[in-house]
Amino acid sequence: MDNNKADNKIWLGFIGGGMLATILGFCALDLAPGGAAAPVFGVMLLLTGGMLSCLAGAVGMAGMLAWLPGMAQAEHANLQGNANKS
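Residues numbered from 1 in each chain as written. Predicted model: local features only at pLDDT ≥ 70, side-chain atom pairs only at ≥ 80, totals over all residues. Heavy atoms only, no water.

Re the overall build of the protein chain
Phase 1 of the analysis: Summing up its helical and strand segments, the protein chain has 3 helices and 0 strands in all.
Phase 2 of the analysis: Secondary structure elements of the protein chain occur, N-terminal to C-terminal, as α-α-α.
Phase 3 of the analysis: Evaluated residue by residue, the protein chain yields a buried proportion of 15% over its 86 residues.
Phase 4 of the analysis: Look at the contacts in the protein chain between residues 6 or more apart in sequence, and 69% of them connect residues 24 or more apart.
Phase 5 of the analysis: When the accessible surface of the protein chain is totalled, it reaches about 6,200 Å², and 71% of it is carbon and sulfur. (Helix = DSSP H or I, 4+ residues; strand = E, 2+ residues; numbered from the N terminus. Buried < 20%, exposed > 50% of the residue type's maximum accessible area, 1.4 Å probe, protein only. Contact = heavy atoms within 4.5 Å. Areas by Shrake-Rupley, 256 points an atom, 1.4 Å probe, with all protein chains shown as cover.)

In structure tokens:
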């Protein structure tokens with residue numbers, strides 16, 4: 001059960017880090033001058049990386065909580081396989 005709590009914190013960390021990167025990207029977008037190309041590239045990386053991190057965290061959290069179809073059966077089979085090994 002402790003492993004489940006640790007996995008939960010990892011996925012929440014992905015989501016929180018992605019939100020932080022996205023917020024920093026939007027803040028940098030407001031501060032970037034209109035003609036500068038390098039800050040725009042950095043802002044694009046922050047925005048897309050942050051959103052992809054949030055997406056990865058959300059999909060991981062949904063899979064861990066068996067909200068995705070078929071994941072509950074796979075997790076149940078994995079638990080049974082581990083119990084048989086012990």
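Re a nonpolar patch on the surface
Phase 1 of the analysis: Taken together, Leu20, Leu24 and Leu46 make up a surface patch of nonpolar side chains, about 260 Å² in accessible area.
Phase 2 of the analysis: Along the chain, Leu24 falls in helix α1 (residues 2–31). (Patch = residues over 30% accessible without salt bridge, like charges linked within 9 Å, V, L, I, M, F, W, Y side chains within 5 Å. Salt bridge = Lys/Arg side-chain N within 4 Å of Asp/Glu carboxyl O.)

Examining the environment of Thr22
Phase 1 of the analysis: By secondary structure assignment, the location of Thr22 is in helix α1.
Phase 2 of the analysis: Note on Thr22: relative accessible area 11%, which makes it buried.
Phase 3 of the analysis: Distance in space between the C-alpha atoms of Thr22 and Cys54 is 9.1 Å, their sequence separation being 32 residues.
Phase 4 of the analysis: If sequence neighbours within four positions are ignored, Thr22 has contacts with Leu46, Leu47, Gly50 and Met51.
Phase 5 of the analysis: Separated by 2.7 Å, the side chain of Thr22 and the backbone oxygen of Gly18 make a polar contact.
Phase 6 of the analysis: A polar contact is formed between the side chain of Thr22 and the backbone nitrogen of Met51, at a distance of 3.4 Å. (Polar contact = N/O pair within 3.5 Å; in protein donor to acceptor, adjacent residues only side chain to side chain.)

Purely geometric numbers; function is a separate question.
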